[in-house]
Amino acid sequence: MAGIVAAAGLLTTRSVLAVSQQTIISGKAFLHTTATRYRRKPRWLGTAKSKLFRVPERPKQAPEERAELQRLYNNYHTQIKAVRRFLIDEVEALKLVSRAGLILQTPEEEEAEWEQAQKINEEWNRKIAQQRDQRLAIEREEKTKYVLERLMAKEQREKEQMEQVEEQVRQAKEAVKSFITRENIDQAIENALVQPKSYNFALDLEGNIHRGNEGSEQHTSSS
């Protein structure tokens, strides 16, 4: 069965290669036609017939090399075992010492040790509370300073905005004086008839005004 599968795979590969060669020769390009070949034999093909009953030869090793490797192996495991045993003994010794200390302590000694631990804990809490209070005081001071700066900046901006608004209002009031209303419309018409103004002029590249309605050209430099 494995041979049939292998033969079918080889035939498929050869047919694909033949189609690809014919396509290249004829000048036509098929984008979805690709020749694929395995670099190694797939697992499902099994062992080749030429290697079915082959027994690999065991590599030969010199007796001196084997003895040296065995010596190094034994030394390594002996040292590791000694280190492990040493660590186990140390841990057991610490356990015995701690148990002995607990057993030898009297109730009065335990109470004194507990009170000492409480005193140390209270001292630590006092120092930490003092540091916390100092830190919070500094943070409050910085925050207050920051808020005051923001308020002063806001007041300055509002003051500048009010000055701008007042300036705009003043300019508007000044402009209102020249407006034409029902009361002064007759006077404005008489002034326009007495003093006519001509807006028919041109500007050159230098900014000079050239008036055309008047008899002669007047050159006036614009500001």
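Residues numbered from 1 in each chain as written. Predicted model: local features only at pLDDT ≥ 70, side-chain atom pairs only at ≥ 80, totals over all residues. Heavy atoms only, no water.

1. Details of the overall build of the protein chain
Then, number 1: Scanning the protein chain from terminus to terminus reveals 4 helices and 3 strands.
Then, number 2: Ordered by position from N to C terminus, the α and β elements of the protein chain give α-α-α-α-β-β-β.
Then, number 3: By the burial criterion, 4% of the 223 residues in the protein chain qualify as buried.
Then, number 4: Contacts in the protein chain between residues far apart in sequence, at least 24 positions, make up 10% of those at least 6 positions apart.
Then, number 5: Total accessible area on the protein chain is roughly 21,900 Å²; 57% of this is exposed by carbon and sulfur atoms. (Helix = DSSP H or I, 4+ residues; strand = E, 2+ residues; numbered from the N terminus. Buried < 20%, exposed > 50% of the residue type's maximum accessible area, 1.4 Å probe, protein only. Contact = heavy atoms within 4.5 Å. Areas by Shrake-Rupley, 256 points an atom, 1.4 Å probe, with all protein chains shown as cover.)

2. Some details on the pairing of strand β2 (residues 208-211)
Then, number 1: As defined by bridge partners, strand β1 (residues 201-203) adjoins β2 across 3 bridges and the pair is classed as antiparallel. When the sheet's bridge partners are listed, A202 is paired in β2 with H210.
Then, number 2: Once β1 ends, the chain turns through 4 residues before running back antiparallel as β2, passing G207 with a positive phi of about 90°. (Pairing = 2+ DSSP bridges.)

3. Things to note about the pattern of salt bridges
Then, number 1: One pass over the structure, following the stated rule, counts 6 salt bridges.
Then, number 2: A salt bridge links E174 to K177; its shortest N-O distance comes to 3.8 Å.
Then, number 3: Owing to a relative accessible area of 44%, E174 belongs among the partly exposed residues under this scheme. (Salt bridge = Lys/Arg side-chain N within 4 Å of Asp/Glu carboxyl O.)

4. Notes on the side chain of N208
Then, number 1: With respect to the helices and strands, N208 occurs in strand β2.
Then, number 2: Take N208: its relative accessible area is 14%, and that puts it in the buried class.
Then, number 3: Within the structure, N208 has its side chain in polar contact with the side chain of E206 (distance 3.5 Å). (Polar contact = N/O pair within 3.5 Å; in protein donor to acceptor, adjacent residues only side chain to side chain.)

5. A short note on a negative patch on the surface
Then, number 1: There is a patch of like negative charges on the surface, built from E108, E109, E110, E111, E113 and E115.
Then, number 2: By secondary structure assignment, the location of E111 is in helix α3 (residues 107-176). (Patch = residues over 30% accessible without salt bridge, like charges linked within 9 Å, V, L, I, M, F, W, Y side chains within 5 Å. Lys, Arg positive; Asp, Glu negative; His and termini not counted. Charge placed at Lys NZ, Arg CZ, Asp CG, Glu CD.)

6. Overview of a nonpolar patch on the surface
Then, number 1: On the surface, I180, I185, I189, L193 and V194 cluster together into a nonpolar patch covering about 530 Å² of accessible area.
Then, number 2: Locating L193 in the fold gives a position in helix α4 (residues 185-194).
Then, number 3: By relative accessible area, which is 67% here, L193 ends up exposed.

7. Thoughts on the confidence of the model for the protein chain
Then, number 1: Per-residue confidence for the protein chain averages 80 on the pLDDT scale, and 74% of its residues sit at or above 70.
Then, number 2: Ranking the elements of the protein chain by mean pLDDT puts strand β3 (residues 220-221) last, at 42, and α3 first, at 93.
Then, number 3: Predicted confidence for residues 10-31 stays below pLDDT 50, and this span has 12 contacts to residues more than four positions away or in other chains. (pLDDT = per-residue confidence, 0-100.)

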